[in-house]
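Each chain is listed here by its residues.
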Amino acid sequence: MNIRTQLMGRPARTAVALLATATLGLTADGTVTAATTVSKSPARASSSIVITRNVTFGGGVPVGGWTSLTLNPNGTYSWSGHMHDSGGTSYNFSGVCVVRFSSGTAFAFETRGRMHGTFESGSRDRNWNKSGYKSALPAAWNASTSYRASCRNRTTLDLNGLVNSVITAVGYAAQVIAIVA
């Protein structure tokens, strides 16, 4: 399953707040993808598009957090979030939200990073906060009557840090032979 948040039929100038809870979807290559059940609720009358999501992964994956995207008709935006690894192993994380206006112009916001688990030194958190201005946003906004948004988060288990920490713990070895099951 993938995360698909569709907001068809809503005027681009109507703010819509999305509250979503992600659930686990395991792909054939072993990555874990957040799939979303979305409830839509119109926000108070304003001219911003706001997409806010709580993200959790099921199946024992100890990664979770939130993402938030705000687009404004004057061209400003804010893309922020926080993910946390509360487990022993490290995880790589990637997240993306795409907003496509009915005029055909799409804006993509992405982030990626690494969260370290107990067995590896480094930050357990992946935080981002990107704000700015896109000159194409007001034109797309004004030329549109609706928009669609789709967001997806993915995390992959990173065993390299775990293997390296175990090798370091046992000391120097002239040769390491890996046995993979």
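Residues numbered from 1 in each chain as written. Predicted model: local features only at pLDDT ≥ 70, side-chain atom pairs only at ≥ 80, totals over all residues. Heavy atoms only, no water.

Undergrad: Give a detailed account of the packing of aromatic side chains, specifying residues and quantitative values.
TA: Counting across every chain of the model gives seven aromatic pairs. Taken together, a centroid distance of 5.7 Å and an interplanar angle of 45 degrees make the contact between Phe101 and Trp141 tilted. Taken as a pair, Phe101 in strand S6 (residues 90-101) and Trp141 in helix H1 (residues 136-142) lie far apart in primary sequence, 40 residues in all. Classification of Phe101 by relative accessible area gives buried; the value is 0%. By the ring-pair criterion, three or more aromatic residues cluster together here, those being Tyr77, Trp79, Phe93, Phe109 and Trp128. (Phe/Tyr/Trp six-rings, centres within 6.5 Å; stacked < 30°, edge-to-face > 60°. Helix = DSSP H or I, 4+ residues; strand = E, 2+ residues; numbered from the N terminus. Buried < 20%, exposed > 50% of the residue type's maximum accessible area, 1.4 Å probe, protein only.)

Undergrad: Before we move on, can you summarise the pairing of S6 with the specific residues and values?
TA: One ladder, built from twelve bridges, connects S6 with strand S9 (residues 147-158); its direction is antiparallel. From the neighbouring strand, Tyr91 faces S9, where its bridge partner is Leu157. By the bridge criterion, ten bridges tie S6 to strand S7 (residues 106-115) in an arrangement that is antiparallel. Looking at the pairing, Val99 lines up with Phe107 of S7. Linkage of S6 to S7, two consecutive antiparallel strands, is achieved through a turn of four residues, within which Gly104 is found at a positive phi near 105 degrees. (Pairing = 2+ DSSP bridges.)

Structural measurements only, silent on function.
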